Structure formats: C-alpha cells, structure tokens
Amino acid sequence: MANITSVDYKNPPFALGDNFYEEATVTVPSGGLERGTILVRDTSTNKFAAATALSLVNGAGIAILREDVENTTDSAADVHIRVMISGHVNRGLLAKIGNTALTDVQADILRSQSFIVEKVAEV
C-alpha cells in the first residue's frame, strides 16, 4: 500500500521538506513554465529545459521548478533561477510531461534521482 501524506489545509504544499536546491539556467518557452515542471539538463549546454519525456539518458540531471516562471516574449529565454535538485514533492502538483500525468515508472525515475514523490490528500 502506498504511503499517503495528509495535510489539514486547502492548497497543499508542493515541497514537503528535506529539499535541496541549486542555482541553474533554465530555458523557458514563450508563455512560461508552471511550478512543478520537471526539468532535464541538456548536457551539451548545461541548461535545464522542460522534460518532454522522462528517462535516464546520458546521465543528464533532473530538477523540478519550485515556482512559476513567466516569459512574456515571443521566443524562449534563458532564466537564472533556483531549482529543486532533490527532496520530497507533492505528486499531485507535478506538472504534466507533455499532456500526460506522471506515471509510476516516471515516479520511479524521479526516485532514482533523489526525489521522493508522495501523494498528498486534502482532509
């Protein structure tokens, strides 16, 4: 049976504690990215971008956005921002990868990269 974390207030937190962050350059598409977006590092540029698929390729790092990032320009822009590189996260608040919710296999990949993905229920 899965472990469930419960909170007693509306709008449960995204980061659930014991998290680590680093300053990173993130390529943000026009329109921006939402909190909980899973990012994959491009090993050729050392920049993060939103994951379109999630797999362990070439040892690329994985990070998660901890806040919304806006981009009001017509093209992608590089933004220097603090990203989560490991810790406990609320599965329900992770952004979709493509148009698909996070799968159990993808949650396992995040776990292998030092993220604990937990279901949080409102009570």
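No experiment lies behind these values; they were computed from the predicted model shown.

Cut-off values and rules
- Residues numbered from 1 in each chain as written.
- Predicted model: local features only at pLDDT ≥ 70, side-chain atom pairs only at ≥ 80, totals over all residues.
- Heavy atoms only, no water.
- Pairing = 2+ DSSP bridges.
- Helix = DSSP H or I, 4+ residues; strand = E, 2+ residues; numbered from the N terminus.
- Core = buried A, V, L, I, M, F, W, Y, C linked by side-chain atoms within 4.5 Å.
- Buried < 20%, exposed > 50% of the residue type's maximum accessible area, 1.4 Å probe, protein only.

**Section: the pairing of strand β2 (residues 20-28)**
And step 1. Pairing analysis gives nine bridges linking β2 to strand β6 (residues 77-90), with the strands arranged antiparallel. Paired with Glu23 across the two strands is Arg82, which belongs to β6.
And step 2. For β2 and strand β4 (residues 47-50), the ladder comprises two bridges, and the chain directions are parallel. Each residue of the ladder has a partner; that of Thr27, found in β4, is Ala49.

**Quick notes on the nonpolar core**
In a soluble, globular protein the nonpolar side chains are often hidden away together inside.
And step 1. Of all hydrophobic cores here, the largest spans 14 residues; its most connected members are Ile38, Ile64, Leu94, Leu102, Leu110 and Val117.
And step 2. Residue assignment for this core shows that the elements contributing at least two residues are β5 (62-65), β6, α1 (104-112) and β7 (115-122).
And step 3. If one sorts the elements of this core by residue count, α1 sits on top with three residues.
And step 4. Grouped together as the second largest cluster of nonpolar side chains are eleven residues, Val26, Val28, Leu39 and Ala63 included.

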